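Read off the chains here:
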Amino acid sequence: TAEAAGVSDELVGNARHKLEELMHQVKRRTSAEVALAEAFEADDAQALSAAIASAEDVGIHSSSLRNAKRRFRELKDLPHRKTSAEEQLERAAKEGDATVLAAAVVNAETAGVASNLIRHARQRLAEMRQAAQHRKDAEAALAEAADKRDIPGLIKAINAAE
């Protein structure tokens, strides 16, 4: 016992109190780390924000905290990114540039835009590409008929181009 070793009861009591404090800190830190990991996996911005605050409160400064902060920013920006991607998709579909529309479709997919909007944009993209191919074929037919001085072929190519 402490008395037999010549250690005062007060010193032993202080040591026990310190041990309890340290155990409590370890428990809080472990709980904060678990909450951080669960919130990260759940993709819930509100839960992640609370878990980040809790982790910082108990002194966690690990890569998991940095990753959680990065993910929180992504989740927080997601509604804006999604809205922006939807607007970009709509503008690109009206604009008529297949390259711009193809890029907007990729951006919309990564931003989580509704699948029906992406499907509609892909249909529009297919139409634009088909029209471009038709134009290219008509131009080639016109050039060939003109080079050959093929009047019936030229008439046919002009009619097809219109």
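Draft legend 1. Molecular detail of the nonpolar core. Ranked by internal contacts, the top residues of the largest apolar core, which has 14 residues, are Leu89, Leu101, Val105, Ala108 and Val113. Among the secondary structure elements, those contributing two or more residues to this core are α4 (63-95), α5 (98-111) and α6 (115-148). With five residues, the single largest contributor to this core is α5. Setting aside anything within four residues of it in sequence, one finds Val105 in contact with Leu89, Ile118, Ala121 and Arg122.

Draft legend 2. Focus on the pattern of salt bridges. Applying the stated rule across the entire model yields nine salt bridges. Taking the shortest distance from any N to any O, the salt bridge between Arg70 and Glu74 comes out at 3.0 Å. Separated by four residues within a single helix, Arg70 and Glu74 lie in helix α4, roughly one turn from each other. Accessibility expressed as a relative area gives 35% for Arg70, which makes it partly exposed. Glu74 sits in the partly exposed class, given a relative accessible area of 31%.

Draft legend 3. Looking closely at unusual backbone geometry. The backbone of Arg149 shows a phi angle near 55 degrees, a positive value even though the residue is not glycine. Summarising the element assignment, Arg149 is placed in the loop between α6 and α7 (151-161).

Rules of the game
Residues numbered from 1 in each chain as written. Predicted model: local features only at pLDDT ≥ 70, side-chain atom pairs only at ≥ 80, totals over all residues. Heavy atoms only, no water. Core = buried A, V, L, I, M, F, W, Y, C linked by side-chain atoms within 4.5 Å. Buried < 20%, exposed > 50% of the residue type's maximum accessible area, 1.4 Å probe, protein only. Helix = DSSP H or I, 4+ residues; strand = E, 2+ residues; numbered from the N terminus. Contact = heavy atoms within 4.5 Å. Salt bridge = Lys/Arg side-chain N within 4 Å of Asp/Glu carboxyl O.

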